[in-house]
Each structure stands twice: as structure tokens, then as C-alpha cells.
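Working through the structure, step by step
For reference, the chains in residue letters:
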Amino acid sequence: MGEMQEVIVAPLSGEELGARYRALCDDPRFENLPGKIELDSWGRILMSPASTYHALLQGRLCKRLAALGGEILVEAPILTAIGLLAADVVWADAEFMGAHVKQTPLPRAPQLCIEIASPSNSVKELREKVDAFLAAGAVEAWVGYSQTKRFEFFTKDGKVLQSSYAVDLSGLFD
């Protein structure tokens, strides 16, 4: 039997993060936690309780994204360079889903990853998530700001004025 490490000496590998996340998913002690669970690169649990309005916006986004076809997921666990992140809403085409539907966590980001800013988020944290989703394979990452009723759109080239995905976002925050 191998000797257990006394402390974590380096960020965990993708395989180690994935194994920890799957163990959390299978652990009945975590099944009724209110909010999403993410793991940073050291395997520490990060929790973000969501408000009812946050959940409402996720649902509304799902309805709007349905116009693209493909599949929409909420709180999708994605392995990134900064840890295992659960995007608020993602959209993926049929090819992506066919290749990854049975994988937890997703080994790469779907084409579109969306975060809805919460009062506890910092600009730095949101930008790190956007960059992580894009580095993990997302074509675009969006951040929705409910107080100012706006979205910011990002590609690998940085912030862009509008999304390349034809999704009607008008009135979403009303």
C-alpha cells in the first residue's frame, strides 16, 4: 500500500482533479448542497450559493440558447488550467456532446461558456474564468451582469462587441 502524502506539494493534475470531483459527485453527503461546487488547482472546494434570480437567469438563457440547436447544460463541470470550474450555462453542438456526454468532468470546454456575475464575484475572478474557459477550448465566453443588464463577450482575441452566436438577449434581465 502506497504512503499517503502529508501535504499537497504541487497543483493537482487534470486526472487528480477529475477523480476528486467524481468522488464528490458520488458522495451522498454533498448531494443536497445549495450551490455549485468547483475545485481550484490545489483541489480545494469552492462553493457559490446561487440566488433565485441567478437561477431564473440561467433558465432564461437556456430558453434563448435553444434557438442554436445542440445542447444546453447548467453548472457544467469543466476541467481547466486553473481548476475544475462549473460554468453557469454552456452550449455545445451535437458533435461535442457526442464525444463528451458521458464524461464528468468535461475534459475541455464546450463552444460557449456563460457566467452570470454575482455580488460575491470580483472582476479578476470573472476574467480568470473567461480566460480559463477559452484556453480549455471554448469559442466564446460571456459574462452577464444583472444589475447593469448587459453582457460582455470574449473570444481568444479578447473582448468583442457582440457574440458570433445568434442569440436574442433582449429583455433577459427584465
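For the structure itself, consult the block above.
Read on for a plain summary of the structure. None of these values were measured; they are calculated from a predicted model.

Calculation rules
- Residues numbered from 1 in each chain as written.
- Predicted model: local features only at pLDDT ≥ 70, side-chain atom pairs only at ≥ 80, totals over all residues.
- Heavy atoms only, no water.
- Helix = DSSP H or I, 4+ residues; strand = E, 2+ residues; numbered from the N terminus.
- Expected span 1.5 Å × (residues − 1).
- Buried < 20%, exposed > 50% of the residue type's maximum accessible area, 1.4 Å probe, protein only.
- Arc of directions from axis to C-beta.
- Salt bridge = Lys/Arg side-chain N within 4 Å of Asp/Glu carboxyl O.
- Pairing = 2+ DSSP bridges.

A closer look at helix H1 (residues 14-26)
Taking 1.5 Å per residue as the helical rise, H1 with its 13 residues ought to reach 18 Å, and the 18 Å between its terminal C-alpha atoms agrees with that figure. All buried positions along H1 are accounted for by Leu 17, Gly 18, Tyr 21 and Leu 24. Taken end-on, H1 shows its buried residues confined to a sector of 125 degrees, consistent with a single buried face. Seen from the buried face of H1, the exposed residues on the opposite side, beyond 90 degrees, are Glu 15 and Asp 26.

Some words on the pattern of salt bridges
Tallied over the full model, the rule gives nine salt bridges. Across the salt bridge formed by Lys 129 and Glu 115, the nearest N and O atoms sit 3.5 Å from each other. Linking Lys 129 in helix H4 (residues 123-135) with Glu 115 in strand S5 (residues 112-116), this pair joins segments that are 14 residues apart in sequence. Glu 115 carries the same exposure label as Lys 129, and that label is buried. Between Arg 127 and Asp 131 there is a salt bridge; the shortest N-O distance is 3.0 Å.

Regarding the pairing of S5
Across the five residues that make up S5, a large majority, five, are buried. Relative to S5, strand S4 (residues 83-92) is paired through three bridges, and the arrangement is antiparallel. Counted as the bridge partner of Trp 91 is Leu 112 from S5. Of the pairings in the sheet, the one linking S5 to strand S6 (residues 140-145) comprises five bridges and is parallel in character. Paired with Cys 113 across the strands is Ala 141, a residue of S6.

On their own, these measurements won't tell you what the molecule is for.
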